[in-house]
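Residue strings, one per chain:
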Amino acid sequence: MSEPRKLYIKSFGCQMNVYDAQRMTDQLAHEGYVETQTAEDADLVILNTCHIREKAAEKVYSELGRLRKSQDELGRRQMVAVAGCVAQAEGAEIIKRARSVDLVVGPQSYHKLPELIAQAELRGSNRRAGIVETEFPVEDKFDHLAAPSRAAIAKRGPTAFVTVQEGCDKFCTFCVVPYTRGAEVSRPVAKIVEEVRRLADGGVREVTLIGQNVNAYHGEDAAGRPVNLPGLIRAIVEVPGIARVRYTTSHPRDMDEELIAAHRDLPQLMPYLHLPVQSGSNRILAAMNRKHDRELFFETVERVRAARPDIAFSSDFIVGFPGETDEDFADTMDLVEKVRFAGAFSFKYSPRPGTPAATMAGQLPEEVKSQRIYALQALLDRQKAEFDAACRGRRFDILLEKHGKLPGQLIGRSPWLQSVVVLAPPEAIGTLATVEVREVSTKSMSGQILGGEFFDGRGEPAARFMGSIGQSEKVEA
Ligand code: SAH
Ligand code: SF4
Ligand code: F3S
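Rules used in this analysis
- Residues numbered from 1 in each chain as written.
- Chains lettered and ligands numbered in written order.
- Predicted model: local features only at pLDDT ≥ 70, side-chain atom pairs only at ≥ 80, totals over all residues.
- Heavy atoms only, no water.
- Helix = DSSP H or I, 4+ residues; strand = E, 2+ residues; numbered from the N terminus.
- Rg over C-alpha atoms; globule rule 2.2 N^0.38 Å.
- Buried < 20%, exposed > 50% of the residue type's maximum accessible area, 1.4 Å probe, protein only.
- Contact = heavy atoms within 4.5 Å.
- Areas by Shrake-Rupley, 256 points an atom, 1.4 Å probe, with all protein chains shown as cover.
- Lys, Arg positive; Asp, Glu negative; His and termini not counted.
- Charge placed at Lys NZ, Arg CZ, Asp CG, Glu CD.
- Domains from an automatic or database assignment.
- Buried area = accessible area lost by both parts, 1.4 Å probe.
- Near = heavy atom within 4 Å.
- Nonpolar A, V, L, I, M, F, W, Y, C, P; charged D, E, K, R; others polar.
- Expected span 1.5 Å × (residues − 1).
- Phe/Tyr/Trp six-rings, centres within 6.5 Å; stacked < 30°, edge-to-face > 60°.
- Lys NZ or Arg CZ within 6 Å of the ring centre and 35° of its normal.
- Pairing = 2+ DSSP bridges.
- Right-handed = clockwise from strand over helix to strand, strands pointing away.
- Axes fitted to C-alpha atoms, helices over the stretch in contact; angles between N-to-C directions.
- Salt bridge = Lys/Arg side-chain N within 4 Å of Asp/Glu carboxyl O.

(A) Spotlight on the overall build of the protein. Helix and strand counts for the protein stand at 16 helices and 21 strands. For a compact globule of 477 residues, the expected C-alpha radius of gyration is about 23 Å, and the protein comes in at 23 Å, within 12% of that figure. By the burial criterion, 55% of the 477 residues in the protein qualify as buried. For the protein, the proportion of contacts with a sequence separation of at least 24, taken over those separated by at least 6, is 72%. Summed over its atoms, the accessible surface of the protein is roughly 21,100 Å², and 52% of this surface lies on carbon and sulfur atoms. Mean positive and mean negative side-chain charge positions of the protein (62 and 66 charges, respectively) differ by 3 Å.

Okay, structure coming up:
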């Protein structure tokens, strides 16, 4: 048998890229590729890129430069593919700008990777022109992408992403996603449930349903009847082994009554909701074409909190959108003060080629954006710290996910995605444990296990694994 070929994939950007990288790996496993941890070691390097902001998009070129240098040093040329949203947005431009690229493949064509690689290999020796595939094909890539093996699932741990919806029809004026990922497409319920079943068989306990606009999900059941996101979630919580479900990213306009009721009725649906608002100013929200105002956001938050009182919110913000005045920004700060977030991502507005906002009047200087992002992040950090500090002394379940830094430690996730360090044996990974939080630091918290699936289920006295935890450990979130 020939040596397995080695594959290195590096993903940038959002969770969908993480998921896509896994699906590409699964697909290429059938072609005899095994994963490796460094580009130098690989026969095939895939850069799975993000186009959302200029900085994100430029990363691919610095990465390609680095690769080129190491290729020269090693005197070895691997095949290099650029996938993801920069591939979709820039296509052949990438090959013009970085001659070391053999293949450019957009997100809707990953199922064609084996044939594209074969084509690139054929061309490689005699012609330097790369292969570019950025069509939005009519067939559904998900019907052709290979499923992960049990070993691959187990290696990835007890949590998994599952794409249920891809693309976006909202066309916010700042955003490239409708162009890079295409129109909204929802996968059929049966396909998603089958995928979740397979993951659960491999030991997955928590799935995060992902989509650029996940709460606009509108798939079909086996009889062709429409199913919305709460309907899909109800089907998924029935899958044996699945203990927790999350979904991301939602649009405020699509938080309907039935989805809110699911937060009340389904204990498996975790009480943490990422609901991007972008701005607190109605004027800016209109210019962004967000299709909602701040009042709708407040109302939605209140309705969700009424249905599920322990829910916490996170959000995305953009500061320095064209025409944003001090008053507009004050409205954003005011919205944050009023809602209180448990986490957030905030960004300086980055003009993206081809989007309407890029050519709007009133583009703001970098210093203004910097001042505003600094103030906003300070407020959001304070709110996150307050939310975390309030967890001290509380009891809740965590899903034990992986080893901690020190021997004997495991790291689990709270319902609100906080990392909690506990003392527990490695065999407990993949189980739910009830903890009491003892220490809270900026990056993680530590707790004591009171019981749980592993500790009770095997009849082991929980005390055997307890022992007090001294210092709280800092763990990368
Ligand atoms: N589909 C999601 C988010 C997609 S992109 C939604 O509708 O909210 C993730 C985040 O990147 C966005 O929420 C936004 O805050 C940020 N973002 C998108 N385009 C941007 C741009 N041009 N400049 C700065 N931030 C941007
Ligand atoms: Fe981009 Fe807006 Fe669509 Fe989100 S809803 S992906 S921000 S266009
Ligand atoms: Fe980036 Fe594409 Fe995701 S632009 S954020 S990788 S959808």
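(B) Local environment of the domain arrangement of the protein. Its domain assignment divides the protein into domain 1 (5-133), domain 2 (152-389) and domain 3 (395-464). Computed from C-alpha coordinates alone, the two centres of domain 1 and domain 2 are separated by 28 Å. Of the residues lining the interface, 21 residues belong to domain 1; the matching set on domain 2 comes to 24 residues. For the domain 1 and domain 2 pair, buried surface summed over both sides reaches about 1,900 Å², with 52% attributable to carbon and sulfur atoms. Of all residues in domain 1, M16, Y19 and R53 bury the most surface against domain 2, accounting for 33% of the area lost on that side.

(C) Quick peek at the site of ligand 2. If you check the shell around ligand 2, you find C168, K170, F171, C172, F174, C175, V177, P178, N213, H251 and R290 and nothing else. Split into classes, the residues belonging to the shell around ligand 2 amount to 7 nonpolar, 2 polar and 2 charged.

(D) Main features of the site of ligand 3. In the vicinity of ligand 3, the contacting residues are C14, N17, T49, C50, H51, I52, C85, R181 and Q212. Taken together, the residues that form the shell around ligand 3 break down as 4 nonpolar, 4 polar and 1 charged.

(E) Spotlight on helix α15 (residues 366-389). Over its 24 residues, α15 extends 34 Å from the first C-alpha to the last, a length consistent with the 34 Å expected when each residue adds 1.5 Å. Turning to α15, its buried residues are K369, R372, I373, L376, L379, L380, Q383 and D388. The inward-facing, buried residues of α15 abut β15 (312-319), α14 (326-339), β16 (343-348), β20 (432-440) and β21 (445-452).

(F) Representation of the environment of I260 within the structure. Examined against the element boundaries, I260 turns out to sit in helix α11 (residues 257-265). For the pair formed by I260 and Q363, sequence separation is 103 residues and the distance between their alpha carbons is 37 Å. In this structure I260 touches M255, R303, V304 and A307, once residues within four positions along its chain are discounted.

(G) Region of interest: the packing of aromatic side chains. Going through the model one piece at a time under the given rule, you end up with 8 aromatic pairs. On the basis of an interplanar angle of 85° and a centroid distance of 5.2 Å, the ring pair of F396 and W416 is categorised as edge-to-face. Here F396 is found in strand β17 (residues 395-403), whereas its partner W416 is found in the loop between β18 (409-413) and β19 (419-423), with 20 residues between them in sequence. The residues F396 and W416 share a single accessibility class, namely buried. With a centroid separation of 5.2 Å and an interplanar angle of 85°, the aromatic rings of F454 and F455 are classed as edge-to-face. Taken as a pair, F454 and F455 share a single burial class, namely buried. An aromatic cluster is present here, built from F174, F321 and Y349 joined pairwise through their rings. A cation over a ring is seen here: R53 above F347, with NZ or CZ 3.6 Å from the ring centre.

(H) The pairing of β15, seen in detail. Within β15, 8 of the 8 residues are buried, which leaves it mostly tucked inside the rest of the structure. With burial as the criterion, each face of β15 is covered, one bearing A312, S314, D316 and I318 and the other bearing F313, S315, F317 and V319. Where strand β14 (residues 272-274) lies against β15, 3 bridges are found, and the strand directions are parallel. Bridge pairing in β15 links L273 to F313. Here 6 bridges tie β15 to β16, and the two strands are oriented parallel to one another. Within β16, the position partnered with D316 by the bridge is F345. At this point the chain moves from β15, through α14, to the parallel β16, and the crossover so formed is right-handed.

(I) Quick peek at the sheet that holds β16. Spatial ordering of the open sheet is given by β14-β15-β16, a layout of 3 strands whose pairing is parallel. Strands with a single pairing partner mark the edges of an open sheet, and in this sheet they are β14 and β16. Taken pair by pair, the neighbouring strands of this sheet meet at an average axis angle of 10°, ignoring direction.

(J) Up close: the sheet that holds β17. An order of β17-β18-β19-β21-β20 is seen for the 5 strands of this closed barrel, with the pairing classed as mixed. Each strand of the sheet is rotated relative to its neighbour by a mean of 55°, with strand direction disregarded. Two elements, β19 and β21, share 2 bridges in a ladder whose sense is parallel. When the sheet's bridge partners are listed, V421 is paired in β21 with S446.

(K) Expanded view of unusual backbone geometry. With an omega dihedral of 5°, the bond running from T248 to T249 counts as a cis peptide bond. Mapping T249 onto the fold places it in the loop between β13 (244-248) and α11. Of note in the backbone geometry, F171 takes a positive phi value of approximately 50° without being a glycine. Among the structural elements, F171 can be located in the loop between β8 (165-166) and α8 (177-180). A relative accessible area of 39% means that F171 is categorised as partly exposed. One non-glycine residue, K291, lies in positive phi territory at about 65°. According to the relative accessible area criterion, K291 is partly exposed, its value standing at 34%.

(L) Quick look at the pattern of salt bridges. Taken as a whole and judged by the stated rule, the model has 36 salt bridges. Residues R156 and D26 are paired through a salt bridge, measuring 2.9 Å at the closest nitrogen-oxygen approach. Of the two residues, R156 is situated in helix α7 (residues 150-156) and D26 in helix α1 (residues 15-29); the sequence distance between them amounts to 130 residues. Residue R372 pairs with E324 through a salt bridge whose shortest N-O separation is 2.9 Å.

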